[in-house]
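Topology and contacts: notes
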Amino acid sequence: MLNKVILMGRLVADPELKTTQNGIAVTSFRIAVDRNYTPQGQEKQADFIPCVAWRQTAEFISRYFSKGRMIALEGSLQSRN
């Protein structure tokens, strides 16, 4: 089976770095991904995707990215209720 997702969009807010009780870095953030197709006469639409990064990736994102910056991500898709 294959579960691979590649997204490119802009950060909706500044990422906030947190650590778990075990000292593992984690950051949660949302990105706005523009849709490729826009019906005629309508405004451009975007999907807002929640993302989570762990360990060194979380530290990198929180250090070098801020609200409005373009980011490209590769990862796996997980759904939550």
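Now for a look at the structure at hand. All values derive from a computational prediction rather than experimental measurement.

Calculation rules
Residues numbered from 1 in each chain as written. Predicted model: local features only at pLDDT ≥ 70, side-chain atom pairs only at ≥ 80, totals over all residues. Heavy atoms only, no water. Helix = DSSP H or I, 4+ residues; strand = E, 2+ residues; numbered from the N terminus. Contact = heavy atoms within 4.5 Å. Buried < 20%, exposed > 50% of the residue type's maximum accessible area, 1.4 Å probe, protein only.

Here we come to the environment of Ala-32. Summarising the element assignment, Ala-32 is placed in strand E3 (residues 25–34). As a C-alpha pair, Ala-32 and Thr-19 span 13 residues in sequence and 25 Å in three-dimensional space. The contacts of Ala-32, once residues within four sequence positions are left out, are Gly-9, Arg-10, Val-12, Asp-47 and Phe-48.

One non-glycine residue, Arg-55, adopts positive backbone phi at about 55°. With respect to the helices and strands, the residue Arg-55 is situated in helix H1 (residues 55–64). Under the relative-accessibility criterion, Arg-55 is labelled partly exposed at 48%.

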